[in-house]
Amino acid sequence: MTPPSQNQRGIASVTDATRTIEGDGLEIRRAFPTVQIELVDPFLLLDHMGPMAIAANPTGGVPDHAHRGFETVTYLIDGAIEHRDSTGNVGIIGPGDVQWMTAGGGIVHSEMLDTNFFHAGGTLHGTQLWVNLPARDKMMPPRYQPVASSEIPTAQSDDGKLHVKIIAGEAMGVHAAVETLTPITYLHYSIAPGGAIYQALPPDNNAFAYILQGDATIGANNRLALEGQLVLFSNDGGGVTLGVAPDAQRPAEILLLAGRPINEPIARYGPFVMNTQTEIRQAIRDFQTGQFLRPGNA
Ligand code: MN
């Protein structure tokens, strides 16, 4: 399709993800926060894990830790992660699956390799996004939306060059299965060389693209963005064009995220994201006195 020339968002910045270690020795790329990008309200963090080869019986994983005041969205492309938490939930996130977890008032959980995957080894590839909650929802009871790959709606372009998984929001007239507390668009585009799409976005949303694999062309002027780069769009109300150059050597995998900014003060301390320092001190006290371990504590 020919993207409309008007109504395109500008590109505010293109930045590289930084390499960091999460949990017990799991090397990941962090798209943000970085020195350049503190957050993209309502999004607090995007981590890109892999793709990496995992040997049989490796060390590593993310053992018990707490969250309060926001949501973690885990999207696995390859591999399998077992999730366990203080409310008694156990689940396996497999290839293509999404787990949309609302920590709300508090949860303690672990994110480790699934036992079968742990013993066999294989490729691990996925992302974790943190979505902030507005003050009114920060202390809500924790909840989960596990979404199996087969339940995630998809769409294709007529020329077969473009495929999209609709994790949240809407694309090409197809709506996602998850419910979000504030309006969120979360799309995974796979685009072959020569493919392109114009994606409309809600005008009041902040938006960014992250290149999981390959090289993409972004925006009205086809700016090149490479694997591991974060493209932050201007908040000027338009949509965005995503594509891959016709002479590119391989397809690109692109995440496109948009959300309505919450515009509230943020007090952030590791796994707790609240509005004030007083609420952070309360979160630390509650964690230290075991309040997070009571099912339905919020
Ligand atoms: Mn976690």
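Report on the accompanying structure.

Overview of the coordination of the manganese ion
For the manganese ion, every protein donor is listed as His65 (NE2), His67 (NE2), His109 (NE2) and Glu111 (OE), and the spread of their distances is 2.1 to 2.4 Å. Look at where the donors of the manganese ion fall in the sequence and you get H-x1-H-x41-H-x1-E.

Some points on the sheet that holds strand S20 (residues 216-218)
The 4 strands are arranged S18-S23-S20-S21 in an open sheet whose pairing can be described as antiparallel. Strands at the two margins of the open sheet, each flanked by one partner only, are strand S18 (196-199) and strand S21 (223-225). Each strand of the sheet is rotated relative to its neighbour by a mean of 25°, with strand direction disregarded. Note: S20 against S21, 3 bridges, orientation antiparallel.

Points about the nonpolar core
Counting residues in each nonpolar core, the largest one holds 27 residues, and the members touching the most others are Phe32, Phe43, Trp100, Leu129, Tyr186, Phe208 and Tyr210. Apart from the residues within four sequence positions on either side, tyrosine 210 is in contact with Ala17, Arg29, Ala31, Leu46, His48, Gly228, Gln229, Leu230, Glu253, Ile254 and Leu255. Grouped together as the second largest cluster of nonpolar side chains are 26 residues, Ile197, Ile218, Ile254 and Ala258 included.

Things to note about the sheet that holds strand S10 (residues 107-113)
Ordered by their spatial adjacency, 4 strands build an open sheet running S5-S10-S7-S8, and the pairing between neighbours is antiparallel. The strands lining the two open edges of the sheet, one partner per strand, are strand S5 (62-67) and strand S8 (90-93). For this sheet, the mean inter-axis angle between neighbouring strands, taken without regard to orientation, is 25°. In the sheet, S5 pairs with S10 via 4 bridges, with the strands oriented antiparallel. Bridge pairing in S10 links histidine 67 to isoleucine 107.

Considering the pairing of strand S7 (residues 81-85)
Across the 5 residues of S7, 4 count as buried, placing the element largely inside the fold. Where S7 meets S8, 4 bridges bridge the pair, whose relative direction is antiparallel. Within S8, the position partnered with arginine 84 by the bridge is valine 90. In this structure, the hairpin formed by S7 and S8 is closed by a connection of 4 residues, where glycine 88 is found at a positive phi of approximately 95°. As defined by bridge partners, S7 adjoins S10 across 5 bridges and the pair is classed as antiparallel. Bridge assignment links isoleucine 81 to a residue of S10, and that residue is leucine 113.

As for unusual backbone geometry
The amide bond that connects phenylalanine 32 to the next residue, proline 33, takes the cis arrangement and shows omega of 5°. Relative to the elements of secondary structure, proline 33 occurs in the loop between strand S3 (26-32) and strand S4 (43-54). Residue aspartate 41 is joined to proline 42 through a cis peptide bond whose omega torsion reads 15°. Mapped onto the elements of the fold, proline 42 is located in the loop between S3 and S4. Residue methionine 172 is not a glycine yet carries a positive backbone phi of 50°. Mapped onto the secondary structure, methionine 172 falls in the loop between strand S15 (170-171) and strand S16 (174-175). One non-glycine residue, asparagine 263, lies in the positive phi region at around 55°. Positionally, asparagine 263 belongs in the loop between strand S24 (252-259) and strand S25 (267-269). Residue asparagine 263 is classed as exposed on the basis of its relative accessible area, which comes to 65%.

Conventions and cut-offs
Residues numbered from 1 in each chain as written. Predicted model: local features only at pLDDT ≥ 70, side-chain atom pairs only at ≥ 80, totals over all residues. Heavy atoms only, no water. Donors = N, O, S within 2.8 Å, 3.2 Å for Na, K, Ca; no water. Pairing = 2+ DSSP bridges. Helix = DSSP H or I, 4+ residues; strand = E, 2+ residues; numbered from the N terminus. Axes fitted to C-alpha atoms, helices over the stretch in contact; angles between N-to-C directions. Core = buried A, V, L, I, M, F, W, Y, C linked by side-chain atoms within 4.5 Å. Buried < 20%, exposed > 50% of the residue type's maximum accessible area, 1.4 Å probe, protein only. Contact = heavy atoms within 4.5 Å.

No statement about biological role is implied by the geometric values presented.
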